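Here is what each chain is made of, one letter per residue.
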Amino acid sequence: TPLYYTASDGTIDQQTQEALGKLQTLVVAGDYSQVDAQVEASLGATVDITRLAGDTRYGESAAITAYALANGLQATGSVVANAPNLTHQLTALALCAKANAPLVLASTQSMEGIEALAQAQLPPYGITLLGGESAFPATLASTVTKSMNW
């Protein structure tokens with residue numbers, strides 16, 4: 001599956017637009033500030049578009065996880081990363097690919113991603129909390145495990 005990025009202003013260049021126009025379906029991750037509505041409108045006539053977004057990065061993570069699980073992802077587990085830690089999020093992607101697992105963002109301020117995981121009812125042995133005590137303090141790890149009914 002190809003992955004395309006937008007410019008910082010939410011637009012795409014002509015070459016990317018041409019490549020996207022050849023697709024039959026497209027999943028857009030992010031709200032209209034991240035992918036411009038004009039971009040979507042320009043592709044809408046030829047491409048079936050699904051937009052996944054949330055009010056926060058946690059909500060967006062939850063929307064992506066729920067979509068993937070509802071559309072055939074046979075997850076064998078999940079990887080949970082503390083959202084402010086971009087290094088953990090990026091390095092988690094290789095683990096997610098290897099484990100066939102969605103990446104879910106969590107923090108002490110928001111449990112939206114964890115709630116999506118709980119609803120998916122993944123087996124508890126398939127949850128990996130990425131990072132040590134600095135990334136997942138005992139209070140956050142405890143909240144995650146309680147939310148999962150372990």
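Residues numbered from 1 in each chain as written. Predicted model: local features only at pLDDT ≥ 70, side-chain atom pairs only at ≥ 80, totals over all residues. Heavy atoms only, no water.

Caption draft 1: The overall build of the chain, seen in detail. Tallying secondary structure elements over the chain gives six helices and five strands in all. In sequence order, the secondary structure elements of the chain are arranged as α-β-α-β-α-β-α-β-α-β-α. Put simply, the chain has 150 residues, and 36% of those count as buried. Summed over its atoms, the accessible surface of the chain is roughly 8800 Å², and 52% of this surface lies on carbon and sulfur atoms. (Helix = DSSP H or I, 4+ residues; strand = E, 2+ residues; numbered from the N terminus. Buried < 20%, exposed > 50% of the residue type's maximum accessible area, 1.4 Å probe, protein only. Areas by Shrake-Rupley, 256 points an atom, 1.4 Å probe, with all protein chains shown as cover.)

Caption draft 2: How the structure looks around the layout of surface pockets. Empty space within the largest pocket amounts to approximately 1900 Å³. In terms of lining, the largest pocket is formed by 50 residues, of which the most central are Leu-3, Val-27, Ala-29, Glu-60 and Ile-64. Every element with two or more residues in the lining of the largest pocket is listed here: strand E1 (25–29), helix H2 (37–44), strand E2 (48–52), helix H3 (57–70), helix H4 (86–99) and strand E4 (103–106). Within the lining of the largest pocket, the residues separate by chemical class into 31 nonpolar, 14 polar and five charged. (1 Å grid on protein atoms, 1.4 Å probe; cavity = no way out; pocket = protein on both sides within 12 Å on 5 of 7 lines; lining within 4 Å. Points joined across faces, edges and corners; volume = space filled by probe spheres on them. Nonpolar A, V, L, I, M, F, W, Y, C, P; charged D, E, K, R; others polar.)

Caption draft 3: Spotlight on H4. Taking 1.5 Å per residue, 14 residues should reach 20 Å; H4 reaches 20 Å between its end C-alpha atoms and fits that length. Maximum bend of H4: about 30 degrees, positioned at Ala-92. For H4, the set of buried residues is His-88, Gln-89, Ala-92 and Cys-96. Among the structural elements, strand E3 (78–82), E4 and strand E5 (127–130) are those in contact with the buried residues of H4. Following H4 by one or two positions, Asn-100 has its phi on the positive side, about 55 degrees. (Expected span 1.5 Å × (residues − 1). Bend = angle between axes of the 7 residues up to and from the residue. Contact = heavy atoms within 4.5 Å.)

Caption draft 4: Representation of the packing of aromatic side chains within the structure. Applying the stated criterion across every chain yields a total of zero aromatic pairs. For the cation-ring pair, Arg-51 lies above Tyr-32, with the distance from its terminal atom to the ring centre recorded as 3.8 Å. (Phe/Tyr/Trp six-rings, centres within 6.5 Å; stacked < 30°, edge-to-face > 60°. Lys NZ or Arg CZ within 6 Å of the ring centre and 35° of its normal.)

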